Amino acid sequence: MPQLAQRVGRAKPSAIMVIAAKAKQLKAAGRDIISFSIGVPNFLPGEHVYAAAREALSHDSGQYGSNRGADALLDAFLKHIEALGFSGYGHANLSVGIGAKQVLYNLAEALLDEGDEIAFAAPYWTTYRDIADIVGAKANVLHCGPEQAYKLTPAQLDAALARKPRVFLFNNPSNPTGMVYTREEIAALADVLVRHPDTWIVTDDIYNAMVFDGLGYHNFAFARPELKERLVFVDSVSKTYGMPGWRVGLMAGPEPVAKAVTTLNSNHITSIPEVITAAAVAAFSGPQDIPQAKCAEFAARRDTVVAALNAIPGVTCPRPQGAFYAFPDISVAFGKSHNGTKISNDVEFCAALLEAKGVACVPGSAFGEPRALRISYTCPAAQLQPGLERIQEFFAELA
């Protein structure tokens, strides 16, 4: 039979979804499973979002929408980003996608030719590497280990940009680490970016509303406004509003980039459905009490998770200050055994933990850091402490 395109061979299923599917399978078979695997907020949006969706259904036109996004959604997003600190944007600077993931994929197609270089820090969200591979770009991965709190340094960035990558992709707050860059750290990196004018800057900051400890959200364009002409900001309703299944992502950036993404939409998705658009508008424009309350709740959960992990001898977990992840270095377990099962790496550790204790975590190697694993602590509240205790028991039983 005819062969598939070569790019399909470069596409890999999400490592996160593979773990989540395995946990779901074990649970269906009757196992008591606690999942710290998939990165969903596990709360629902406010009633005003559902009311807007029902109202949209009542007068649905059944027609195609705008490739760029409906005016009402663009207006709501403009107000949202203005509140964050972005100014001077109009509809021509914006575009939408079926979730931030599809926006990022469109940006890769718009900004990267095959063989171009894209630079990003590790630990990274798994999709960054996957998208780079699919479009044939060369990934320059900048390793930022726990010894530097998983954060990129100005020196690392300067060395990477000296190679003149076409794109620098940045994530703040970070998935998978939950680390947040301070105003001063962002300013120091922005100073480096100014010295390298040949690189597009994409900031994937979909957790910008989930920042703890009063740090606030900061962007390179706030520190050095001249970067605005080559910076693209990506956001989503998924994490902030508990709407990952609604699939609405957005971007703000230079007009030529927004136009390119909009053109790609005309070939890929055509538009966001009317009902989904209405829900997203309501999320951005309506009461913000649920996101604010969830941010406070996740900050409290963070404290519980970090305390439990750092109480394990040999485990270190830099203190996350955003999103809803912890990313402990568990390499102290490598070379040991659990009930006769030898653990040589993070994948074997997670497999043994799931089998022995019914706790699902994602191996750090999926994110470019094989010494660690990712814990998403958005599980039902009643499962959090028992899940952490099972991890502690697992470590205590290593020989």
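As a reminder, the structure under discussion sits directly above these lines.
Source: prediction; values computed, not measured.

Engineer: So what exactly am I meant to see when it comes to the packing of helix H12 (residues 289-310) against helix H14 (residues 381-396) here?
Structural biologist: Between two packed helices, the angle of one axis relative to the other and the distance separating the axes together describe the packing. Contact geometry of H12 with H14 gives a least axis separation of 10 Å together with a crossing angle of 10°. Taken together, the axes of H12 and H14 are roughly parallel relative to one another. When the axes of H12 and H14 are compared, the crossing they make is right-handed. Here Arg301, Thr304, Val305 and Ala308 of H12 come into contact with H14, specifically with Ala381, Leu384, Gln385, Leu388 and Gln392. Residue classes in the contact of H12 with H14 are distributed as five nonpolar, three polar and one charged.

Engineer: Sorry, what's going on with the sheet that holds strand E14 (residues 373-376) here?
Structural biologist: As a general point, the strands of a sheet are linked pairwise by backbone hydrogen bonds and lie either parallel or antiparallel. Ordered by their spatial adjacency, three strands build an open sheet running E9-E14-E13, and the pairing between neighbours is antiparallel. Strands with a single pairing partner mark the edges of an open sheet, and in this sheet they are strand E9 (325-326) and strand E13 (362-363). Inspection of the sheet shows E13 paired to E14 by two bridges, in the antiparallel sense. Within E14, the residue paired with proline 363 across the bridge is leucine 373.

Engineer: Looking at this structure, how should I read the pairing of strand E4 (residues 138-143)?
Structural biologist: Along a regular strand, successive side chains alternate from one face of the sheet to the other. Across six bridges, strand E3 (residues 117-122) lies against E4 in parallel orientation. When the bridges of E4 are listed, alanine 121 appears paired with leucine 142. Traced from E3 through helix H6 (residues 126-135) to E4, the parallel crossover comes out right-handed.

Engineer: Could you clarify how one ought to interpret the side chain of histidine 338 in this entry?
Structural biologist: Structurally, histidine 338 can be placed in strand E10 (residues 336-338). Overall, histidine 338 belongs to the buried group, its relative accessible area being 3%. Within the structure, the side chain of histidine 338 is placed 2.7 Å from the side chain of glutamate 397, a separation counted as a polar contact. Residue contacts for histidine 338: discarding those within four places in its chain leaves Ile343, Ala356, Lys357, Phe394, Glu397 and Leu398.

Engineer: How do you make sense of helix H8 (residues 183-194) when you look at a structure like this?
Structural biologist: Structural remark: α-helix, 3.6 residues per turn; residues separated by three or four positions point the same way. Over its 12 residues, H8 extends 16 Å from the first C-alpha to the last, a length consistent with the 16 Å expected when each residue adds 1.5 Å. Among all positions of H8, only Ile186, Leu189, Ala190, Val192 and Leu193 are buried. The buried residues of H8 occupy an angular sector of 155° when the element is viewed end-on, so they sit on one face. Residues of H8 that are exposed and angled more than 90 degrees away from the buried face: Arg183 and Glu184.

Each value, and the rule that gives it
- Residues numbered from 1 in each chain as written.
- Predicted model: local features only at pLDDT ≥ 70, side-chain atom pairs only at ≥ 80, totals over all residues.
- Heavy atoms only, no water.
- Axes fitted to C-alpha atoms, helices over the stretch in contact; angles between N-to-C directions.
- Helix = DSSP H or I, 4+ residues; strand = E, 2+ residues; numbered from the N terminus.
- Parallel < 35°, antiparallel > 145°, perpendicular 65-115°, else oblique.
- Left-handed = near helix turned anticlockwise from the far one by under 90°.
- Contact = heavy atoms within 4.5 Å.
- Nonpolar A, V, L, I, M, F, W, Y, C, P; charged D, E, K, R; others polar.
- Pairing = 2+ DSSP bridges.
- Right-handed = clockwise from strand over helix to strand, strands pointing away.
- Buried < 20%, exposed > 50% of the residue type's maximum accessible area, 1.4 Å probe, protein only.
- Polar contact = N/O pair within 3.5 Å; in protein donor to acceptor, adjacent residues only side chain to side chain.
- Expected span 1.5 Å × (residues − 1).
- Arc of directions from axis to C-beta.

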